[in-house]
Amino acid sequence: MAIREAFNQIKRYQRNSFWAASGLYEYIQIFVISNGTHTKYYSNTTRNQHIKESGDDGSRKSKKTSNSFEFTNYWADANNRVIADLADFTKTFFAKHAILNILTRYCVFTSEDLLLVMRPYQIAATERILNRIQISTNYKKNCTVEAGGYIWHTTVREKR
């Protein structure tokens, strides 16, 4: 089974399940999809936004939105090595501190108030920034050249 089918299955459940407009899917923050070999995650946007993006008649608009498959992400380690296997994904992504940090630190809102989960390289960059701040604070290097640094970040979405 292709991993895209797992994504489409969740979309069908959100759309067609009993009490779809006021059910469990509105309270889920992150979805994980897998076919055993390939595992990805993505954020759940609010139900109202989902309805807006799908159109009033439920048909799909051609514009790519946060409810599209292109917004799913592979999990990766700090060196950006993809962790796609379900067992390895589960051990790292659902580790107590990892999932807690993802839910509390690495979910962000867009300017349109849509919830997105950061990509692994964004999480790694953020952790490095926070680590640099903590070290410079602990060694009382604030406001010095040694405490400085920069992050260069760009995102280019490729077609998959």
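Keep in mind the model is a prediction, meaning the values are calculated, not measured. (Residues numbered from 1 in each chain as written. Predicted model: local features only at pLDDT ≥ 70, side-chain atom pairs only at ≥ 80, totals over all residues. Heavy atoms only, no water.)

**A few points about the confidence of the model for the chain**
Item 1. With 76% of its residues at a pLDDT of 70 or more, the chain shows a mean pLDDT of 80.
Item 2. For the chain, per-element mean pLDDT is lowest for helix H2 (residues 47–54), which scores 55, and highest for helix H3 (residues 86–93), which scores 97. (pLDDT = per-residue confidence, 0-100. Helix = DSSP H or I, 4+ residues; strand = E, 2+ residues; numbered from the N terminus.)

**Focus on the sheet that holds strand E3 (residues 73–76)**
Item 1. Spatially, E1-E2-E3-E4 is the arrangement adopted by the four strands of the open sheet, whose pairing is antiparallel. At either end of the open sheet lies a strand with only one pairing partner, and these are strand E1 (30–34) and strand E4 (82–83).
Item 2. Strand direction decides the pairing type here: strand E2 (residues 39–43) and E3, joined by two bridges, are antiparallel. Opposite Lys40, over in E3, you have Tyr74 as the bridge partner. (Pairing = 2+ DSSP bridges.)

**As for the side chain of Ser34**
Item 1. Considering the arrangement of structural elements, one finds Ser34 in strand E1.
Item 2. Within the structure, Ser34 has its side chain in polar contact with the backbone nitrogen of Gly36 (distance 2.9 Å).
Item 3. A polar atom in the side chain of Ser34 sits 3.2 Å from the backbone oxygen of His38.
Item 4. Filtering out sequence-adjacent residues up to four positions away, Ser34 remains in contact with Met1, Ile3, Ala6, Thr39 and Leu86. (Polar contact = N/O pair within 3.5 Å; in protein donor to acceptor, adjacent residues only side chain to side chain. Contact = heavy atoms within 4.5 Å.)

**Observations concerning the pattern of salt bridges**
Between side chains of opposite charge, a pair can form as their charged atoms come close.
Item 1. For the structure on display, the rule yields three salt bridges.
Item 2. Notably, a salt bridge pairs Glu5 with Arg12, separated by 2.8 Å at the nearest N-O pair.
Item 3. By relative accessible area, which is 33% here, Arg12 ends up partly exposed.
Item 4. With a closest N to O distance of 3.0 Å, Arg81 and Asp77 form a salt bridge.
Item 5. Relative accessible area serves as the criterion here: at 51%, Arg81 is assigned to the exposed category.
Item 6. Taking relative accessible area as the criterion, Asp77 reaches 24% and is therefore assigned partly exposed. (Salt bridge = Lys/Arg side-chain N within 4 Å of Asp/Glu carboxyl O. Buried < 20%, exposed > 50% of the residue type's maximum accessible area, 1.4 Å probe, protein only.)

**Topic: the environment of Ile123**
Item 1. Among the structural elements, Ile123 can be located in helix H5 (residues 120–138).
Item 2. On the basis of relative accessibility, which here comes to 5%, the residue Ile123 falls in the buried class.
Item 3. Each C-alpha atom of the pair Ile123 and Ile102 lies 8.4 Å from the other, and the pair is 21 residues apart in sequence.
Item 4. Beyond its immediate chain neighbours, meaning those up to four positions away, Ile123 contacts Trp75, Ile102, Tyr106 and Met118.

**Some words on H5**
Item 1. A rise of 1.5 Å per residue sets the reference length of H5, with its 19 residues, at 27 Å; its end C-alpha atoms lie 27 Å apart and thus fit the reference within 8%.
Item 2. Those residues of H5 that sit buried are Pro120, Gln122, Ile123, Ala124 and Ser136. (Expected span 1.5 Å × (residues − 1).)

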